[in-house]
Amino acid sequence: KESGIYRSINDGLTWTKISNSLVNDKLFGQSANSANGSTLTNRVLLSLHQSNFDGTPQNILYAGIVNNKVLAGVFRLNITTNNWTPVPVPAVHQGAHGDLHFSLVAHPTLPHVIYVGGDIDTQTNTANIVRIVIGSVFGGSDLIQPLASATNAPHPDSRGLAFDASGRLIEVDDGGIFFNDKPSFPIVTETNWFSLNRNIANFETTAVAFDPLRNGL
């Protein structure tokens, strides 16, 4: 199969390509690498939004693409109209660790809001997580809004985002599990991150060495 985003409606027996050239032009596999310089796609994340927003059924698919360890494209598919549009791309991979640290989730009730996490904000040395409000869907302006600050943020290096049943934004990273209790539009004046680690003895290994006397690490 050529590079693209595919959909199956029979539990994976057959697949249909649903992405167009707007998205496909950002996807580079190993076989295409020699023909396209050194560009290589490391990660592709998808998030589906389904709601009845303002009385209108909404079926929206978001796709985020990481190339050469940096977020290279974010796209929005209106499944009803089969129309792909680009979404503003935030600079969430200032540490260029996008092959490991990347997260994406659509808002559960607002079809024009998406959340993206990356590695680190080099200005604050904290997590790099943003909310993207796609105002152009309704004739307004698109906004990229940081969801972390120097004084209130989870650990850097995001690996997963999700919403719980109460509407809290759950974030998983190399430092554990965190939540934001005010993630929704309109934007609040402060960030509200709290740890869910409790008694989880999580740790991050940064180096190992072999002990030849005890024959172990």
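Residues numbered from 1 in each chain as written. Predicted model: local features only at pLDDT ≥ 70, side-chain atom pairs only at ≥ 80, totals over all residues. Heavy atoms only, no water.

Caption draft 1: Structural detail: the sheet that holds strand β5 (residues 70-78). Here we have four strands laid out as an open sheet, ordered β3-β4-β5-β6, and antiparallel in their pairing. Either end of the sheet is taken by a strand with one partner, and the two such strands are β3 (41-53) and β6 (83-87). Mean inter-strand twist for the sheet, computed between neighbouring axes without regard to direction, equals 20°. With twelve bridges joining them, β3 and strand β4 (residues 56-67) adopt antiparallel strand pairing. Along β4, the bridge assignment pairs Ser 47 with Tyr 62. (Pairing = 2+ DSSP bridges. Helix = DSSP H or I, 4+ residues; strand = E, 2+ residues; numbered from the N terminus. Axes fitted to C-alpha atoms, helices over the stretch in contact; angles between N-to-C directions.)

Caption draft 2: Expanded view of the sheet that holds strand β8 (residues 113-117). Strand order across the open sheet formed by four strands is β7-β8-β9-β10, with antiparallel pairing between neighbours. Looking at which strands have only one partner, the edges of the open sheet turn out to be β7 (103-106) and β10 (142-146). Going across the sheet, the axis of each strand differs from the next one's by a mean of 20°, ignoring polarity. Where β8 meets strand β9 (residues 129-134), five bridges bridge the pair, whose relative direction is antiparallel.

Caption draft 3: Up close: the nonpolar core. Membership of the largest hydrophobic core comes to 16 residues, with the highest contact counts inside it found for Tyr 62, Leu 71, Phe 102, Leu 104, Val 116 and Ile 132. Mapped onto this core, the elements with two or more residues apiece are β4, β5, β7, β8 and β9. Grouped together as the second largest cluster of nonpolar side chains are 15 residues, Phe 53, Val 105, Val 113 and Trp 193 included. (Core = buried A, V, L, I, M, F, W, Y, C linked by side-chain atoms within 4.5 Å. Buried < 20%, exposed > 50% of the residue type's maximum accessible area, 1.4 Å probe, protein only.)

Caption draft 4: The arrangement of the pattern of salt bridges in detail. As enumerated under the stated definition, the model contains three salt bridges in all. Across the salt bridge formed by Lys 17 and Glu 2, the nearest N and O atoms sit 2.7 Å from each other. Of this pair, Lys 17 sits in strand β2 (residues 16-17) while Glu 2 sits in the segment before β1 (6-7), placing them 15 residues apart in sequence. For Asp 164, the salt bridge is made with Arg 168, and the minimal N-O distance between the two is 2.7 Å. The partly exposed category is assigned to Arg 168, whose relative accessible area is 27%. (Salt bridge = Lys/Arg side-chain N within 4 Å of Asp/Glu carboxyl O.)

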